[in-house]
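# Descriptive structure summary
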Amino acid sequence: MSSNKKILMLPGDGIGPEVMHEVARMIDWMNDHRGAAFEVQEDLAGGAAYDAHGTSLTDETMAHALASDAVLFGSVGGPKWDNVPREERPENGLLRLRKEMDLFANLRPATVFDGLADASSLKEDIISGLDLMIVRELTAGVYFGEPRGIDTLPDGTRRGFDTEVYTEPEIQRVAGVAFELARKRSNKVHSVEKANVMESGVFWREVVTALHEAEYSDVELHHMYADNCAMQLVRNPKQFDVIVTSNLFGDILSDCAAMLTGSLGMLPSASLGAPGADGQRKALYEPVHGSAPDIAGQRLANPVAMMLSYAMMLRYSFDMMAEAELVEQAVKNVLTGGLRTADIMSEKTARVSTDVMGDAVLREMGKLSASSSAHKVSGGGE
Ligand code: NAD
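Residues numbered from 1 in each chain as written. Predicted model: local features only at pLDDT ≥ 70, side-chain atom pairs only at ≥ 80, totals over all residues. Heavy atoms only, no water.

In this section: the confidence of the model for the chain. On average, residues of the chain carry a pLDDT of 93, and 97% of them reach 70 or more. Every residue in residues 378-382 is under pLDDT 50, and counting partners more than four places away or in other chains gives 0 contacts. (pLDDT = per-residue confidence, 0-100. Contact = heavy atoms within 4.5 Å.)

In C-alpha coordinates:
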(Lines give C-alpha, C1' and ligand atoms only; values in the text may rest on other atoms or scores of the structure.)
Protein backbone atom coordinates (compact mmCIF):
# COMPACT_ATOMS: atom_id res chain seq x y z
CA MET A 1 0.00 0.00 0.00
CA SER A 2 2.04 2.89 -1.26
CA SER A 3 0.02 6.08 -1.67
CA ASN A 4 -1.79 7.69 1.22
CA LYS A 5 -5.54 7.37 1.50
CA LYS A 6 -7.11 10.74 2.21
CA ILE A 7 -10.08 10.63 4.56
CA LEU A 8 -12.15 13.61 5.56
CA MET A 9 -13.69 13.03 8.98
CA LEU A 10 -16.81 15.04 9.85
CA PRO A 11 -18.00 13.97 13.32
CA GLY A 12 -20.87 16.50 13.45
CA ASP A 13 -23.13 16.92 16.49
CA GLY A 14 -24.55 15.02 19.47
CA ILE A 15 -23.24 11.46 19.62
CA GLY A 16 -21.48 11.93 16.24
CA PRO A 17 -18.12 12.92 17.82
CA GLU A 18 -18.43 10.14 20.45
CA VAL A 19 -18.89 7.32 17.94
CA MET A 20 -16.37 8.87 15.52
CA HIS A 21 -13.76 8.88 18.27
CA GLU A 22 -13.92 5.07 18.39
CA VAL A 23 -13.39 4.89 14.62
CA ALA A 24 -10.46 7.32 14.82
CA ARG A 25 -8.81 4.81 17.16
CA MET A 26 -9.45 2.03 14.62
CA ILE A 27 -7.84 4.11 11.87
CA ASP A 28 -4.75 4.63 14.05
CA TRP A 29 -4.70 0.88 14.67
CA MET A 30 -4.84 0.17 10.92
CA ASN A 31 -1.98 2.59 10.29
CA ASP A 32 0.13 1.07 13.08
CA HIS A 33 -0.59 -2.61 12.46
CA ARG A 34 -1.52 -2.86 8.79
CA GLY A 35 0.56 -0.08 7.20
CA ALA A 36 -2.72 1.34 5.92
CA ALA A 37 -1.41 4.91 5.33
CA PHE A 38 -4.66 6.67 6.13
CA GLU A 39 -4.25 10.44 6.21
CA VAL A 40 -7.09 11.94 8.21
CA GLN A 41 -8.31 15.50 8.12
CA GLU A 42 -11.03 16.48 10.60
CA ASP A 43 -13.52 19.28 10.07
CA LEU A 44 -16.85 20.66 11.26
CA ALA A 45 -20.28 19.92 9.83
CA GLY A 46 -23.88 20.55 10.85
CA GLY A 47 -24.65 22.50 14.01
CA ALA A 48 -20.99 22.57 15.04
CA ALA A 49 -20.10 24.27 11.74
CA TYR A 50 -23.02 26.68 12.13
CA ASP A 51 -21.81 27.71 15.59
CA ALA A 52 -18.26 28.30 14.32
CA HIS A 53 -18.92 29.73 10.84
CA GLY A 54 -22.62 30.56 10.53
CA THR A 55 -23.16 27.84 7.91
CA SER A 56 -23.70 24.08 8.18
CA LEU A 57 -20.89 23.34 5.71
CA THR A 58 -18.29 25.85 4.56
CA ASP A 59 -17.10 26.02 0.94
CA GLU A 60 -13.66 25.05 2.19
CA THR A 61 -14.98 21.86 3.83
CA MET A 62 -16.92 21.06 0.66
CA ALA A 63 -13.71 21.43 -1.36
CA HIS A 64 -11.89 19.10 1.05
CA ALA A 65 -14.67 16.54 0.68
CA LEU A 66 -14.36 16.64 -3.11
CA ALA A 67 -10.59 16.26 -2.89
CA SER A 68 -10.63 13.35 -0.43
CA ASP A 69 -10.78 9.64 -1.26
CA ALA A 70 -13.64 9.09 1.18
CA VAL A 71 -15.69 11.03 3.73
CA LEU A 72 -16.57 9.59 7.13
CA PHE A 73 -19.62 11.35 8.51
CA GLY A 74 -21.02 11.11 12.07
CA SER A 75 -24.42 12.71 12.53
CA VAL A 76 -25.83 16.23 12.62
CA GLY A 77 -28.63 18.17 14.23
CA GLY A 78 -30.29 18.64 17.58
CA PRO A 79 -32.72 20.93 19.42
CA LYS A 80 -30.01 23.58 19.89
CA TRP A 81 -30.37 24.46 16.19
CA ASP A 82 -34.15 24.19 15.89
CA ASN A 83 -34.49 27.91 15.27
CA VAL A 84 -31.64 28.60 12.86
CA PRO A 85 -32.68 29.79 9.38
CA ARG A 86 -34.03 26.94 7.24
CA GLU A 87 -31.23 27.13 4.66
CA GLU A 88 -28.61 26.78 7.41
CA ARG A 89 -30.19 23.83 9.24
CA PRO A 90 -27.55 21.25 10.25
CA GLU A 91 -29.05 18.62 7.90
CA ASN A 92 -28.39 20.93 4.94
CA GLY A 93 -24.65 20.35 5.32
CA LEU A 94 -25.21 16.65 4.66
CA LEU A 95 -27.58 17.34 1.76
CA ARG A 96 -24.98 19.61 0.20
CA LEU A 97 -22.32 16.91 0.46
CA ARG A 98 -24.62 14.34 -1.17
CA LYS A 99 -25.56 16.73 -3.96
CA GLU A 100 -22.15 18.15 -4.84
CA MET A 101 -20.42 14.77 -4.58
CA ASP A 102 -23.27 13.36 -6.74
CA LEU A 103 -23.74 10.38 -4.45
CA PHE A 104 -26.45 8.59 -6.39
CA ALA A 105 -26.27 5.10 -4.83
CA ASN A 106 -27.14 4.67 -1.18
CA LEU A 107 -26.12 1.28 0.20
CA ARG A 108 -27.96 0.16 3.33
CA PRO A 109 -27.06 -3.32 4.58
CA ALA A 110 -29.38 -5.08 7.00
CA THR A 111 -27.40 -7.71 8.83
CA VAL A 112 -28.44 -9.63 11.90
CA PHE A 113 -25.54 -10.70 14.08
CA ASP A 114 -25.62 -13.98 15.97
CA GLY A 115 -26.88 -13.40 19.45
CA LEU A 116 -28.72 -10.21 18.51
CA ALA A 117 -31.67 -11.87 16.79
CA ASP A 118 -33.71 -11.35 19.96
CA ALA A 119 -33.42 -7.56 19.48
CA SER A 120 -35.71 -7.79 16.43
CA SER A 121 -39.48 -7.57 16.63
CA LEU A 122 -39.70 -10.58 14.29
CA LYS A 123 -39.34 -14.24 15.20
CA GLU A 124 -35.75 -15.35 15.53
CA ASP A 125 -35.87 -18.05 12.82
CA ILE A 126 -37.10 -15.48 10.26
CA ILE A 127 -34.21 -13.09 10.77
CA SER A 128 -31.26 -15.04 12.23
CA GLY A 129 -28.35 -14.95 9.79
CA LEU A 130 -30.03 -12.23 7.70
CA ASP A 131 -27.65 -10.37 5.37
CA LEU A 132 -29.25 -8.22 2.70
CA MET A 133 -28.31 -4.97 0.99
CA ILE A 134 -30.67 -2.28 -0.22
CA VAL A 135 -29.35 -0.01 -2.97
CA ARG A 136 -31.48 3.12 -3.02
CA GLU A 137 -31.22 5.69 -5.83
CA LEU A 138 -30.45 8.91 -3.96
CA THR A 139 -30.27 11.91 -6.27
CA ALA A 140 -33.27 11.67 -8.63
CA GLY A 141 -36.88 10.48 -8.67
CA VAL A 142 -39.87 12.11 -7.05
CA TYR A 143 -37.88 14.02 -4.39
CA PHE A 144 -36.26 16.07 -7.13
CA GLY A 145 -38.59 15.74 -10.17
CA GLU A 146 -40.19 18.77 -11.82
CA PRO A 147 -42.86 20.00 -11.97
CA ARG A 148 -43.70 20.02 -8.31
CA GLY A 149 -45.75 22.41 -6.25
CA ILE A 150 -49.05 23.41 -4.77
CA ASP A 151 -51.39 25.45 -6.99
CA THR A 152 -55.01 26.26 -7.69
CA LEU A 153 -56.91 24.98 -10.72
CA PRO A 154 -59.12 27.35 -12.79
CA ASP A 155 -62.20 26.04 -10.94
CA GLY A 156 -60.64 27.05 -7.61
CA THR A 157 -59.64 23.52 -6.50
CA ARG A 158 -56.25 23.48 -4.80
CA ARG A 159 -53.82 20.61 -5.50
CA GLY A 160 -50.34 19.41 -4.56
CA PHE A 161 -48.14 17.48 -6.99
CA ASP A 162 -44.69 15.93 -7.47
CA THR A 163 -43.12 14.17 -10.43
CA GLU A 164 -41.51 10.75 -10.40
CA VAL A 165 -38.98 10.92 -13.23
CA TYR A 166 -35.93 8.82 -14.11
CA THR A 167 -33.67 9.04 -17.14
CA GLU A 168 -32.12 5.94 -18.66
CA PRO A 169 -28.57 6.76 -17.40
CA GLU A 170 -29.88 7.42 -13.88
CA ILE A 171 -31.41 3.92 -13.77
CA GLN A 172 -28.45 2.26 -15.48
CA ARG A 173 -25.86 3.64 -13.09
CA VAL A 174 -27.64 2.64 -9.90
CA ALA A 175 -28.60 -0.77 -11.29
CA GLY A 176 -24.96 -1.23 -12.34
CA VAL A 177 -23.85 -0.66 -8.73
CA ALA A 178 -26.39 -3.27 -7.57
CA PHE A 179 -25.26 -5.90 -10.10
CA GLU A 180 -21.59 -5.31 -9.25
CA LEU A 181 -22.34 -5.68 -5.54
CA ALA A 182 -24.35 -8.86 -6.11
CA ARG A 183 -21.40 -10.43 -7.89
CA LYS A 184 -19.36 -9.99 -4.70
CA ARG A 185 -22.18 -11.38 -2.52
CA SER A 186 -24.76 -14.07 -3.41
CA ASN A 187 -25.20 -12.98 -7.04
CA LYS A 188 -28.91 -12.14 -6.83
CA VAL A 189 -30.68 -8.82 -7.48
CA HIS A 190 -34.32 -7.89 -6.90
CA SER A 191 -35.24 -4.78 -8.88
CA VAL A 192 -38.23 -3.11 -7.22
CA GLU A 193 -40.79 -0.69 -8.74
CA LYS A 194 -44.51 -0.39 -9.42
CA ALA A 195 -44.58 -1.28 -13.14
CA ASN A 196 -48.21 -2.34 -12.69
CA VAL A 197 -49.40 1.23 -12.11
CA MET A 198 -46.58 3.66 -12.98
CA GLU A 199 -45.05 4.50 -16.37
CA SER A 200 -41.75 5.30 -14.67
CA GLY A 201 -41.95 1.77 -13.20
CA VAL A 202 -42.44 0.22 -16.65
CA PHE A 203 -39.43 2.17 -17.88
CA TRP A 204 -37.32 1.23 -14.80
CA ARG A 205 -38.03 -2.47 -15.43
CA GLU A 206 -37.22 -2.15 -19.15
CA VAL A 207 -33.87 -0.40 -18.53
CA VAL A 208 -32.79 -2.82 -15.77
CA THR A 209 -33.71 -5.82 -17.96
CA ALA A 210 -31.73 -4.45 -20.93
CA LEU A 211 -28.67 -3.72 -18.76
CA HIS A 212 -28.88 -7.18 -17.25
CA GLU A 213 -28.99 -8.83 -20.69
CA ALA A 214 -26.16 -6.70 -22.04
CA GLU A 215 -23.69 -6.82 -19.14
CA TYR A 216 -24.80 -8.85 -16.12
CA SER A 217 -26.58 -11.97 -17.36
CA ASP A 218 -24.52 -14.06 -14.90
CA VAL A 219 -26.42 -12.40 -12.03
CA GLU A 220 -29.84 -13.79 -11.04
CA LEU A 221 -32.40 -10.99 -11.60
CA HIS A 222 -35.93 -10.79 -10.21
CA HIS A 223 -38.47 -8.00 -10.60
CA MET A 224 -40.82 -7.25 -7.72
CA TYR A 225 -43.52 -4.66 -7.03
CA ALA A 226 -42.68 -2.36 -4.14
CA ASP A 227 -45.76 -3.26 -2.09
CA ASN A 228 -44.97 -6.97 -2.39
CA CYS A 229 -41.35 -6.24 -1.46
CA ALA A 230 -42.48 -4.51 1.77
CA MET A 231 -44.55 -7.58 2.59
CA GLN A 232 -41.77 -10.03 1.72
CA LEU A 233 -39.26 -8.10 3.84
CA VAL A 234 -41.20 -8.89 6.98
CA ARG A 235 -42.46 -12.32 5.83
CA ASN A 236 -39.29 -13.92 4.46
CA PRO A 237 -36.39 -11.41 4.32
CA LYS A 238 -33.74 -14.08 3.78
CA GLN A 239 -34.92 -14.57 0.17
CA PHE A 240 -33.15 -11.28 -0.69
CA ASP A 241 -29.49 -10.58 -1.43
CA VAL A 242 -29.39 -7.15 -3.15
CA ILE A 243 -32.49 -4.99 -3.66
CA VAL A 244 -32.23 -2.02 -6.05
CA THR A 245 -34.94 0.59 -6.14
CA SER A 246 -35.86 4.24 -6.59
CA ASN A 247 -35.37 7.06 -4.12
CA LEU A 248 -38.93 6.98 -2.74
CA PHE A 249 -39.35 3.21 -2.46
CA GLY A 250 -35.79 2.89 -1.15
CA ASP A 251 -36.47 5.43 1.56
CA ILE A 252 -39.37 3.36 2.87
CA LEU A 253 -38.02 -0.15 2.27
CA SER A 254 -34.60 0.55 3.78
CA ASP A 255 -36.17 1.80 7.03
CA CYS A 256 -38.37 -1.28 7.08
CA ALA A 257 -35.35 -3.55 6.53
CA ALA A 258 -33.38 -1.62 9.16
CA MET A 259 -35.88 -2.46 11.84
CA LEU A 260 -35.49 -6.17 11.12
CA THR A 261 -32.12 -5.89 12.80
CA GLY A 262 -33.37 -4.37 16.05
CA SER A 263 -31.38 -1.21 16.74
CA LEU A 264 -30.48 1.98 14.96
CA GLY A 265 -27.11 1.85 16.71
CA MET A 266 -26.10 -1.16 14.57
CA LEU A 267 -26.80 0.16 11.06
CA PRO A 268 -24.10 1.49 8.72
CA SER A 269 -24.50 3.02 5.26
CA ALA A 270 -22.48 4.07 2.25
CA SER A 271 -23.32 6.58 -0.47
CA LEU A 272 -21.40 6.22 -3.70
CA GLY A 273 -20.93 8.47 -6.74
CA ALA A 274 -19.67 7.78 -10.24
CA PRO A 275 -16.09 6.59 -10.75
CA GLY A 276 -13.64 9.42 -11.55
CA ALA A 277 -10.83 9.34 -14.13
CA ASP A 278 -8.77 7.27 -11.66
CA GLY A 279 -11.59 4.74 -11.31
CA GLN A 280 -12.22 5.79 -7.70
CA ARG A 281 -15.82 6.60 -6.74
CA LYS A 282 -16.67 9.61 -4.59
CA ALA A 283 -18.01 8.13 -1.37
CA LEU A 284 -19.45 9.06 2.01
CA TYR A 285 -19.92 6.63 4.88
CA GLU A 286 -22.22 7.29 7.82
CA PRO A 287 -24.32 5.49 10.40
CA VAL A 288 -28.06 5.45 9.71
CA HIS A 289 -28.85 6.94 13.12
CA GLY A 290 -29.03 10.64 13.94
CA SER A 291 -27.29 12.69 16.60
CA ALA A 292 -29.37 11.17 19.47
CA PRO A 293 -29.44 14.32 21.64
CA ASP A 294 -31.25 12.34 24.37
CA ILE A 295 -28.11 10.33 25.14
CA ALA A 296 -25.33 12.65 23.90
CA GLY A 297 -22.39 13.20 26.23
CA GLN A 298 -23.28 10.28 28.49
CA ARG A 299 -21.03 7.56 26.98
CA LEU A 300 -24.19 5.60 26.14
CA ALA A 301 -23.99 5.67 22.33
CA ASN A 302 -23.49 2.41 20.48
CA PRO A 303 -20.43 2.93 18.23
CA VAL A 304 -21.08 -0.19 16.11
CA ALA A 305 -22.99 1.54 13.27
CA MET A 306 -20.10 3.99 12.87
CA MET A 307 -17.54 1.17 13.06
CA LEU A 308 -19.39 -0.84 10.42
CA SER A 309 -19.61 2.28 8.22
CA TYR A 310 -15.82 2.41 8.46
CA ALA A 311 -15.70 -1.27 7.43
CA MET A 312 -17.80 -0.38 4.39
CA MET A 313 -15.28 2.35 3.57
CA LEU A 314 -12.44 -0.17 3.73
CA ARG A 315 -14.34 -2.49 1.40
CA TYR A 316 -15.87 -0.11 -1.16
CA SER A 317 -13.38 2.77 -1.32
CA PHE A 318 -10.08 1.00 -0.69
CA ASP A 319 -10.67 -2.63 -1.65
CA MET A 320 -9.26 -3.64 1.76
CA MET A 321 -11.43 -6.75 2.05
CA ALA A 322 -9.36 -8.51 4.73
CA GLU A 323 -9.34 -5.40 6.93
CA ALA A 324 -13.10 -4.85 6.45
CA GLU A 325 -13.73 -8.44 7.51
CA LEU A 326 -11.40 -7.99 10.46
CA VAL A 327 -13.46 -5.06 11.76
CA GLU A 328 -16.75 -6.88 11.17
CA GLN A 329 -15.55 -10.10 12.77
CA ALA A 330 -14.18 -8.23 15.79
CA VAL A 331 -17.55 -6.51 16.29
CA LYS A 332 -19.35 -9.86 15.95
CA ASN A 333 -17.06 -11.57 18.46
CA VAL A 334 -17.47 -8.80 21.03
CA LEU A 335 -21.25 -8.92 20.72
CA THR A 336 -21.32 -12.71 20.88
CA GLY A 337 -19.06 -12.49 23.91
CA GLY A 338 -21.87 -10.64 25.67
CA LEU A 339 -20.73 -6.99 25.79
CA ARG A 340 -23.53 -4.60 24.84
CA THR A 341 -24.26 -0.90 24.92
CA ALA A 342 -27.57 0.01 26.58
CA ASP A 343 -29.60 0.08 23.33
CA ILE A 344 -28.97 -3.62 22.58
CA MET A 345 -28.82 -4.97 26.12
CA SER A 346 -30.60 -8.17 26.98
CA GLU A 347 -30.54 -10.63 29.87
CA LYS A 348 -27.19 -12.33 30.38
CA THR A 349 -25.21 -9.54 28.68
CA ALA A 350 -23.01 -6.91 30.29
CA ARG A 351 -23.84 -3.24 29.76
CA VAL A 352 -20.81 -1.20 28.73
CA SER A 353 -20.10 2.40 27.70
CA THR A 354 -19.18 3.66 24.22
CA ASP A 355 -15.47 3.71 24.98
CA VAL A 356 -15.39 0.32 26.70
CA MET A 357 -17.10 -1.14 23.61
CA GLY A 358 -14.40 0.57 21.51
CA ASP A 359 -11.65 -0.90 23.72
CA ALA A 360 -13.14 -4.39 23.38
CA VAL A 361 -13.41 -4.23 19.57
CA LEU A 362 -9.84 -2.94 19.23
CA ARG A 363 -8.57 -5.70 21.51
CA GLU A 364 -10.46 -8.26 19.43
CA MET A 365 -8.98 -6.86 16.20
CA GLY A 366 -5.53 -7.33 17.71
CA LYS A 367 -6.29 -10.92 18.70
CA LEU A 368 -7.81 -11.86 15.34
CA SER A 369 -4.98 -10.22 13.45
CA ALA A 370 -2.34 -12.03 15.53
CA SER A 371 -4.03 -15.40 15.15
CA SER A 372 -4.49 -15.00 11.38
CA SER A 373 -0.81 -14.08 10.86
CA ALA A 374 0.25 -17.00 13.11
CA HIS A 375 -2.01 -19.21 11.01
CA LYS A 376 -0.45 -17.91 7.78
CA VAL A 377 3.08 -18.49 9.07
CA SER A 378 2.37 -22.06 10.14
CA GLY A 379 0.27 -22.67 7.00
CA GLY A 380 3.16 -21.48 4.81
CA GLY A 381 5.37 -24.37 5.93
CA GLU A 382 2.90 -27.08 5.05
P1 NAD B 1 -31.82 9.50 16.26
O2 NAD B 1 -31.38 8.45 15.33
O3 NAD B 1 -30.82 10.53 16.62
O4 NAD B 1 -32.35 8.82 17.61
C5 NAD B 1 -33.50 7.98 17.68
C6 NAD B 1 -33.42 7.11 18.95
O7 NAD B 1 -32.41 6.11 18.78
C8 NAD B 1 -33.01 7.91 20.19
O9 NAD B 1 -33.69 7.40 21.32
C10 NAD B 1 -31.52 7.64 20.33
O11 NAD B 1 -31.06 7.72 21.65
C12 NAD B 1 -31.40 6.23 19.76
N13 NAD B 1 -30.10 6.04 19.10
C14 NAD B 1 -29.73 6.53 17.89
N15 NAD B 1 -28.46 6.18 17.63
C16 NAD B 1 -28.01 5.48 18.68
C17 NAD B 1 -26.77 4.86 19.00
N18 NAD B 1 -25.71 4.90 18.17
N19 NAD B 1 -26.66 4.22 20.18
C20 NAD B 1 -27.69 4.14 21.04
N21 NAD B 1 -28.91 4.71 20.78
C22 NAD B 1 -29.06 5.37 19.62
O23 NAD B 1 -33.12 10.18 15.59
P24 NAD B 1 -33.97 11.43 16.09
O25 NAD B 1 -34.08 11.42 17.56
O26 NAD B 1 -35.18 11.41 15.26
O27 NAD B 1 -33.13 12.69 15.64
C28 NAD B 1 -32.22 13.42 16.48
C29 NAD B 1 -31.50 14.47 15.66
O30 NAD B 1 -30.69 13.80 14.67
C31 NAD B 1 -32.43 15.39 14.88
O32 NAD B 1 -31.87 16.68 14.91
C33 NAD B 1 -32.42 14.83 13.48
O34 NAD B 1 -32.69 15.80 12.51
C35 NAD B 1 -30.99 14.33 13.38
N36 NAD B 1 -30.77 13.27 12.39
C37 NAD B 1 -29.61 13.33 11.71
C38 NAD B 1 -29.31 12.34 10.81
C39 NAD B 1 -27.97 12.40 10.09
O40 NAD B 1 -27.10 13.12 10.53
N41 NAD B 1 -27.80 11.65 9.02
C42 NAD B 1 -30.17 11.26 10.61
C43 NAD B 1 -31.35 11.21 11.36
C44 NAD B 1 -31.64 12.23 12.25
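From this point, the narrative continues.
With that settled, consider the packing of helix α8 (residues 226-235) against helix α9 (residues 247-260). Contact geometry for α8 and α9: axes closest at 10 Å, N-to-C directions at 5°. What the angle tells us is that α8 and α9 run roughly parallel. Contacts from Ala226, Cys229, Ala230, Leu233 and Val234 of α8 reach α9 at Phe249, Leu253, Cys256, Ala257 and Leu260. Here the residues of the contact of α8 with α9 are counted per class, giving 10 nonpolar, no polar and no charged. (Axes fitted to C-alpha atoms, helices over the stretch in contact; angles between N-to-C directions. Helix = DSSP H or I, 4+ residues; strand = E, 2+ residues; numbered from the N terminus. Parallel < 35°, antiparallel > 145°, perpendicular 65-115°, else oblique. Nonpolar A, V, L, I, M, F, W, Y, C, P; charged D, E, K, R; others polar.)

For the rest of this paragraph, the subject is the pattern of salt bridges. Within this structure, the stated rule accounts for 19 salt bridges. Close ionic contact of glutamate 323 with arginine 34 constitutes a salt bridge, the shortest N to O distance being 3.3 Å. Of the two residues, glutamate 323 sits in helix α11 (residues 321-336) while arginine 34 sits in helix α1 (residues 16-34), which places them 289 residues apart along the sequence. The exposure class assigned to glutamate 323 is buried, which follows from its relative accessible area of 7%. Residue arginine 34 is classed as partly exposed on the basis of its relative accessible area, which comes to 23%. Between glutamate 364 and lysine 367 there is a salt bridge whose closest N-O contact spans 3.7 Å. Here glutamate 364 and its partner lysine 367 are both found in helix α12 (residues 354-380), 3 residues apart, which amounts to about one turn of the helix. (Salt bridge = Lys/Arg side-chain N within 4 Å of Asp/Glu carboxyl O. Buried < 20%, exposed > 50% of the residue type's maximum accessible area, 1.4 Å probe, protein only.)

By size, the foremost hydrophobic cluster in this structure holds 73 residues, and its most contacted members are Met30, Phe38, Leu72, Leu107, Val135, Tyr310 and Met365. Looking at this core element by element, the count peaks at 9 residues for helix α10 (residues 304-316). When residues of this core are sorted by domain, at least three fall in each of domain 1 (1-112 + 266-377) and domain 2 (131-260). Not counting the four nearest positions on each side in its chain, methionine 30 is found in contact with Gly35, Ala36, Phe38, Tyr310, Leu314, Glu323, Leu326, Val327 and Met365. Core analysis: the next-biggest nonpolar cluster, separate from the first, contains 18 residues, Val192, Met224, Cys229 and Phe240 among them. (Core = buried A, V, L, I, M, F, W, Y, C linked by side-chain atoms within 4.5 Å. Domains from an automatic or database assignment.)

A few words on the pairing of strand β4 (residues 105-111). Counting buried positions over the 7 residues of β4 gives 6, a clear majority of the element. Bridge analysis of β4 against strand β11 (residues 268-275) gives 3 bridges, and the strand direction is antiparallel. Within the sheet, the bridge partner assigned to asparagine 106 lies in β11 and is serine 271. (Pairing = 2+ DSSP bridges.)

Before going further, it helps to examine the site of the ligand. Taken together, 20 residues lie near the ligand, and Glu91, Gly290, Ala292, Asp294 and Asn302 sit nearest. The contact in question runs from an oxygen atom of the ligand to an N or O atom on the backbone of glycine 78, over 3.0 Å. Relative to its unbound accessible area of 800 Å², the ligand is 67% covered by the protein chains. (Near = heavy atom within 4 Å. Polar contact = N/O pair within 3.5 Å; in protein donor to acceptor, adjacent residues only side chain to side chain. Areas by Shrake-Rupley, 256 points an atom, 1.4 Å probe, with all protein chains shown as cover.)

On to the side chain of serine 353. By the element assignment, serine 353 lies in the loop between β14 (350-351) and α12. Within the structure, the side chain of serine 353 is placed 3.4 Å from the side chain of arginine 299, a separation counted as a polar contact. Not counting residues within four places of it along the chain, the set of residues in contact with serine 353 comprises Arg299 and Thr341.

In terms of burial, strand β3 (residues 70-75) is a largely internal element, 6 of the 6 residues being buried. With 5 bridges connecting them, strand β1 (residues 5-12) and β3 associate as parallel partners. Paired with methionine 9 across the bridge in β3 is leucine 72. As paired elements, β3 and strand β12 (residues 281-287) share 2 bridges and run parallel to each other. Within β12, the position partnered with leucine 72 by the bridge is tyrosine 285.

Turning to the sheet that holds β12, a few remarks are in order. Sheet architecture is open: 10 strands sit in the order β2-β1-β3-β12-β11-β4-β5-β10-β8-β9, paired in mixed fashion. Each edge of the open sheet is held by one strand with a lone partner, namely β2 (38-42) and β9 (220-225). Going from strand to strand, the sheet's axes swing by 20° on average, the running direction of each strand aside. As paired strands, strand β8 (residues 188-193) and strand β10 (residues 242-245) are joined by 4 bridges and run parallel to one another. Looking across to β10, one finds that serine 191 is bridged to valine 244. Taken strand by strand, α1 contacts β1, β2 and β3, and its axis lies near 160° from that of β1. Helix-sheet contacts for α10 involve β1, β2, β3, β4, β5 (131-137), β11 and β12, and the interaxial angle to β12 is about 165°.

As for its position among the elements, cysteine 229 is in helix α8. According to the relative accessible area criterion, cysteine 229 is buried, its value standing at 0%. When the C-alpha atoms of cysteine 229 and leucine 132 are compared, they prove to be 13 Å apart, with 97 residues separating the residues in sequence. The contact partners of cysteine 229, leaving out residues within four places of it in the chain, are Val192, Met224, Phe240, Ile243 and Leu253.

This part takes up the domain arrangement of the chain. The domain boundaries assigned to the chain delineate domain 1 (1-112 + 266-377) and domain 2 (131-260). In this structure, domain 1 and domain 2 have C-alpha centres spaced 26 Å apart. Contact residues are listed per partner, giving 18 residues for domain 1 and 19 residues for domain 2. Taking both sides of the interface into account, the surface hidden between domain 1 and domain 2 amounts to around 1600 Å²; carbon and sulfur atoms contribute 61%. Linking domain 1 with domain 2 are 2 salt bridges. When the shortest N-O distance is used, the salt bridge between aspartate 255 and arginine 108 registers 3.0 Å. The interface formed by domain 1 and domain 2 includes 7 residue pairs in polar contact (both at pLDDT 80 or more). Those elements giving two or more residues to the side of domain 1 that touches domain 2 turn out to be β4 and α10. Per-element accounting of the side of domain 1 that touches domain 2 gives the leading share, 7 residues, to β4. The residue inventory of the side of domain 1 that touches domain 2, partitioned by class, reads 11 nonpolar, 3 polar and 4 charged. (Buried area = accessible area lost by both parts, 1.4 Å probe.)

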